[in-house]
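Inside the fold
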Amino acid sequence: MSAAGDDAHGRPRRRRMEIFAFLFLTAVLMPAFAVAAVGSYGLAVWIYQMAAGPPGPPTH
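These lines cover the structure that appears in this document, whether it is placed above or below. (Residues numbered from 1 in each chain as written. Predicted model: local features only at pLDDT ≥ 70, side-chain atom pairs only at ≥ 80, totals over all residues. Heavy atoms only, no water.)

**Side note on the overall build of the protein**
Condition: To qualify as a helix, a DSSP run of H or I must reach at least 4 residues; to qualify as a strand, a run of E must reach at least 2; elements of each kind are numbered from the N terminus. Only protein chains enter the accessibility calculation, which uses a 1.4 Å probe; a residue is then buried when its area is under 20% of its type maximum, exposed when over 50%, and partly exposed in between. Note that accessible areas follow from Shrake-Rupley with a 1.4 Å probe, and for residues the cover is restricted to the protein chains shown.
Scanning the protein from N- to C-terminus turns up one helix and zero strands. Counting across all 60 residues of the protein, residues that qualify as buried make up 0%. As displayed, the protein has an accessible area near 5,700 Å², and 71% of this comes from carbon and sulfur atoms.

As structure tokens, this is what we get:
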């Protein structure tokens, strides 16, 4: 088998895999990362407020 024959069959498969990887990253991984980041920030603020108290002016 020649290298040119392998390359001709490999290009469509590689392109298909690149499209699949792009769709996976944009439709699955990035939304999951965004939810995890916002959830982590919310958890950090909640834990901070448990230790430091709620925001606002101090009560007299």
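Structure shown, so let's carry the discussion forward.
**Structural notes on the pattern of salt bridges**
Selection criterion: For this analysis, a salt bridge means a side-chain nitrogen from Lys or Arg found within 4 Å of a carboxyl oxygen belonging to Asp or Glu.
Within the structure shown, the criterion is met by one salt bridge. Residue Glu18 pairs with Arg14 through a salt bridge whose shortest N-O separation is 3.1 Å. Taken together, the positions of Glu18 and Arg14, both in helix α1 (residues 3-52) and four residues apart, correspond to about one turn of that helix. Residue Arg14 is classed as exposed on the basis of its relative accessible area, which comes to 59%.

**Describing the packing of aromatic side chains**
Each pair of aromatic rings is reported with the distance of its centres and the angle of its planes. The condition that has to hold: The pairing test for Phe, Tyr and Trp rings, Trp by its six-membered ring, is centres within 6.5 Å, and the orientation test on the planes gives stacked under 30 degrees, edge-to-face over 60, and tilted for anything in between.
Considering all chains together, one arrives at one aromatic pair under this definition. Here the aromatic rings of Phe20 and Phe24 are separated by 6.4 Å at their centres, their planes lie at 25°, and the arrangement is stacked. Within this pair, Phe20 and its partner Phe24 are both found in helix α1, separated by four residues, close to a single helical turn. Residue class for Phe20 comes out exposed when judged on its relative accessible area of 53%.

**Considering a nonpolar patch on the surface**
Selection criterion: Patch members must show over 30% relative accessible area and no salt bridge, and they are joined within 9 Å when carrying like charges or within 5 Å when they are nonpolar side chains of Val, Leu, Ile, Met, Phe, Trp or Tyr.
A cluster of nonpolar side chains, namely Met17, Phe20, Phe24, Leu25, Val28 and Leu29, defines an oily patch on the protein surface of about 560 Å² accessible area. Classification of Leu25 by relative accessible area gives partly exposed; the value is 41%.

That's the geometry; what it means functionally is another story.
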